[in-house]
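# Fold and geometry: a report
Chain residues, written in single-letter form:
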Amino acid sequence: MEQLGADDPQVIGGYRLLGRLGVGGMGQVYLARSGRGRTVAVKLVRRDLAEREEFRARFRQEVGAARRVGGDWTAPVLDADTEAEIPWVATGYVAGPSLESVVGREHGPLPESTVRSLAAGLAGALRDIHAAGLIHRDLKPSNVLVTIDGPRVIDFGIARALESAGEEGITRTGALVGSPGFMAPEQVRGDPITPACDVFCLGSLLAYAATGTLPFGAADSGAHAVMFRIAQEEPDLSEVPEGLVDLVRDCLHKDPARRPTPAQVLDRTGAQDTLLGGRMREPWLPAALVAQLGRHAVRLLEVEDPGEEPPGARAAGRTPTRVSTRAADGGAGATPVTASPGFGPPLVPAPVPVPPPSPHGGPVTGPVPPARPRSRRAATVALVAVALVVALGAGGAVLAVMRGTDDGGGTGRKGTHGGGGSASPANGSPTPDAGEPFGGGAVPRGYVGTWTASIDNDGGHSTRRLVVHQGKVGERVLSLIAEGPAGGGTYHCEFQAALAAEPTDGGPVSIGPSTVTVGRPATSCTPGAATELALLPDGRLRRTTTDGSSLTYDKES
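Presented here is an overview of the structure given in this document.

Basis of the calculations
- Residues numbered from 1 in each chain as written.
- Predicted model: local features only at pLDDT ≥ 70, side-chain atom pairs only at ≥ 80, totals over all residues.
- Heavy atoms only, no water.
- Pairing = 2+ DSSP bridges.
- Helix = DSSP H or I, 4+ residues; strand = E, 2+ residues; numbered from the N terminus.
- Axes fitted to C-alpha atoms, helices over the stretch in contact; angles between N-to-C directions.
- Phe/Tyr/Trp six-rings, centres within 6.5 Å; stacked < 30°, edge-to-face > 60°.
- Buried < 20%, exposed > 50% of the residue type's maximum accessible area, 1.4 Å probe, protein only.
- Core = buried A, V, L, I, M, F, W, Y, C linked by side-chain atoms within 4.5 Å.
- Domains from an automatic or database assignment.

## Notes on the sheet that holds strand S15 (residues 489-499)
Spatially, eight strands are ordered S12-S13-S14-S15-S16-S17-S18-S19 in a closed barrel, and the strand pairing comes out antiparallel. Looking at each pair of strands side by side, their axes are set apart by 30° on average, direction ignored. Bridge count for strand S13 (residues 460-468) against strand S14 (residues 476-486) is six bridges, and the pairing is antiparallel. Paired with Thr463 across the two strands is Glu483, which belongs to S14.

## What to know about the packing of aromatic side chains
Under the counting rule described, the total for this entry stands at four aromatic pairs. Pairing Tyr15 with Trp88 gives two aromatic rings, centres 5.9 Å apart and planes at 70°, and the pair type is edge-to-face. Residue Tyr15 is found in strand S2 (residues 15-23), and its partner Trp88 is found in strand S6 (residues 88-92); the two are separated by 73 residues along the sequence. The two residues Tyr15 and Trp88 agree in class, both being buried. Relative to Phe59, the ring of Phe55 lies with its centre 5.7 Å away and its plane at 10°, an arrangement referred to as stacked. Of this pair, Phe55 and Phe59 both sit in helix H2 (residues 53-66), four residues apart, which is roughly one turn of that helix.

## Regarding the nonpolar core
Val42, Leu99, Leu118, Leu139 and Leu205 are the most contacted members of the largest nonpolar core, which has 83 residues in total. By residue number, the principal contributor to this core is helix H7 (residues 196-211), which donates eleven residues. Mapped onto the domain boundaries, this core takes at least three residues apiece from domain 1 (11-92) and domain 2 (99-162 + 175-294). In this structure, Tyr491, Val509, Leu535 and Tyr553 belong to the second largest nonpolar core, which totals 23 residues.

Below, the structure written as structure tokens:
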């Protein structure tokens, strides 16, 4: 989580913002607290999207539908103001890592029993989403969060709203909504979408969780090549465990009518008896991963309590429509989000300055009073509650965490990639020129410098100039200039991004979501998702996005 910047609002719709969680295609996502102390994620729509009536109408419709989705296996929609000058939506904060982070960096492929439970939980989520009249359209590892209680699906309905905007990343006419590697054939072909589209994406996601690889190949060869394989070729399921391969293969059938329904997927997992009220009745995660969840739970508790709801917080505009008290305030039947274990970058509370005039208009409400000190008794009770939840789910793993003897974090775990462990190449040879960090920062010295790449496709010749700076976690360490043809003219986009996690010796290096600093024209440049940098044995640098696509850079001499 990043600290709030000078241009960020301090309050949105009565929710006090604590920090930035990231940037998506729709806009900025903030960690926030309600006046009653519930931790939420608030998504603030990009101003350029808010100015498009077609997007606003679709967003209004999708938020209304999303409210009807039960919160068992999803992050529930708690509050929204779709009529504000800058619309926003608040969802329950799921304090867990994404499946992309778990498989791609923190742990590696998951055991068959875990993937079977994952399939059951996700089938339950899709059943509820489809029952509300929605289709997710972008089910992928970064949109699945992992908790001790089970998986949680986020951003359902958002892809549909973005579809009306006609853009994703650098705008191009005819852009598809979805992520290469996790799209269905009908999405690739531009055919009508049905709920079966989500089942295909579920098959790809389960194959990825079980093997760590995409069933239709990584996007190294280009997104169009991956989409061709999705539409025309059979998936590679050779590494999928025997007990899961038939289910995954059926989910990946080219014909939507021949794919199983979410209810049939749930039945075929054989895991129905392990589910109860949106929770796993039995431990479902590897002990090492549970230990990490327990450690990060304490970090979430250490985020400062924002205290009372700021006076006049709702004076910025109309009073936002509330969902029922049961959903908004964690009443009977609701899943208490703050009891879930925390995960991700340390949740360090940002300072609370007097906000400057905000470019967002409505959401900001003037000077914010200092947060009152948090009750030690309340914090202790919450800590004990989380400890009990973790202990029930993980047994002795919690004790190992408390004593610092677990082998779930730190270094030396076989098969990890990124901040959680050793990340040397698969053949065991050292990555050239990686070395230790220097200059007081955390970035291994082999990454620091200027890197260039080019992209040649039907749209013409585009260039990328990537500069990696030295810095610490949370500091800006990456800048990127992207240039190329767009329509009848050209685009020039400049981005910056911060270091997301402490790298292991030699990398890879996890980079947080990027922000746009220069955009010409402004509509051609949108913020990017988190990425990972890795030095290759030949000395080049590979930058990989959360959807599996990558671009390889050469270092300037």
